[in-house]
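Analysis of the macromolecular model
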Amino acid sequence: MEEAELEASLLEKAQAGDREAFWELAAPSVDPIYRLARRLMKTEEDAEDVVQESFLKALDKIGEFQGKSRFNTWLHRIAVNQGLMKMRKRRSDVFSLDAPIKGENGDGKAMDPIDFSESALDELQSREAAGVLETALEDLPIDLRTIVVMRDINRLSNDEVAQALELPLGAVKWRLHRARSILRDRLGEYFAERIGT
Amino acid sequence: MNCHELSKELIAGYVDLAPDVRREIDEHLRTCDRCRIQIQNTVATIRITEQLGSTGARREMIIRLQQKIIRVKRG
């Protein structure tokens, strides 16, 4: 059975109250939703809460899901909303996904960039670079971070990210490019230091 | 196309561009080391970001979630 066909069949059963079918439909999204939640929330505990609340919310609202997007995309949308709600309760890091983006520095205007592309993909250095990137991700404004996690870590398409966040496609692309530029420049700084020492 | 037209955002989005737009950029890259390096660095950054996707939820958490899903009463 094709993936879309299987998803439609499981969805039909899940909407008729079949919990096993719901789990079969939802289980492949647990890891991606966890990866998203872990990078939205400050603690592991809050991240796991967001995952659990998102799946229970999806179960509760499964009758309202019309299948206009993939189930995984819909779950991403729910998880972002659950994450936002928890942050608001904590009154920390409150944000809006369509807030204007502040300009950043480090444009690389003055200096010529160093070419780190080969070093970064070397196995050992790539592991170190992944650590640098993880920190850089944490420092990103949360709207940019959300988009990078969905697009480059969880491999949703630009269209799916736009659907999940209810943002125009152009806004998603612009933010994604902005985020990738910031991450690239952070890696550039890291490798420039390494080469300099 | 020149460096100014090939803005920072376009460099970051190079990997998502349609082949015909890419071809136009590739023309420029043949003669501009700076833009070429920025694009190679961006591609490397995306590849390393993708590696962050190898992590997942704790097994205990997944089992607990599965049990809740199967047993929870509809409210």
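Before reading on, note that the structure itself is shown above.
Description of the structure in this document. (Residues numbered from 1 in each chain as written. Chains lettered and ligands numbered in written order. Predicted model: local features only at pLDDT ≥ 70, side-chain atom pairs only at ≥ 80, totals over all residues. Heavy atoms only, no water.)

Quick word on the overall build of chain B
Helix and strand content of chain B: four helices and zero strands. When the helices and strands of chain B are read in sequence order from the N terminus, they spell out α-α-α-α. Within chain B, buried positions represent 39% of all 75 residues. A separation of at least 24 residues holds for 47% of the contacts in chain B among residues at least 6 apart in sequence. (Helix = DSSP H or I, 4+ residues; strand = E, 2+ residues; numbered from the N terminus. Buried < 20%, exposed > 50% of the residue type's maximum accessible area, 1.4 Å probe, protein only. Contact = heavy atoms within 4.5 Å.)

Considerations on the nonpolar core
In this structure, A:Phe22, A:Val51, A:Phe55, A:Phe71, A:Leu140, A:Met150 and A:Leu187 are the most contacted members of the largest nonpolar core, which totals 68 residues. Here this core spans two domains, since at least three of its residues come from each of domain 1 (3-90) and domain 2 (117-196) of chain A. Excluding residues that lie within four positions of it along the chain, A:Val51 makes contacts with A:Ile33, A:Tyr34, A:Ala37, B:Met61 and B:Leu65. Counting residues in each nonpolar core, the second largest holds nine residues, with B:Ile11, B:Tyr14, B:Ile25 and B:Ile39 among its members. (Core = buried A, V, L, I, M, F, W, Y, C linked by side-chain atoms within 4.5 Å. Domains from an automatic or database assignment.)

Notes on the packing of helix α5 (residues 71-90) of chain A against helix α9 (residues 158-165) of chain A
All names here are of chain A. Orientation of α5 relative to α9, taken along the N-to-C sense of each, is 45°, at an axis distance of 8 Å. Classified by the angle between their axes, α5 and α9 sit oblique to one another. Seen along the crossing, α5 lies across α9 with a hand that is right-handed. Residues Thr73, His76, Arg77 and Val80 of α5 pack against Glu160, Gln163, Ala164 and Leu165 of α9. Here the residues of the contact of α5 with α9 sort into three nonpolar, three polar and two charged. (Axes fitted to C-alpha atoms, helices over the stretch in contact; angles between N-to-C directions. Parallel < 35°, antiparallel > 145°, perpendicular 65-115°, else oblique. Left-handed = near helix turned anticlockwise from the far one by under 90°. Nonpolar A, V, L, I, M, F, W, Y, C, P; charged D, E, K, R; others polar.)

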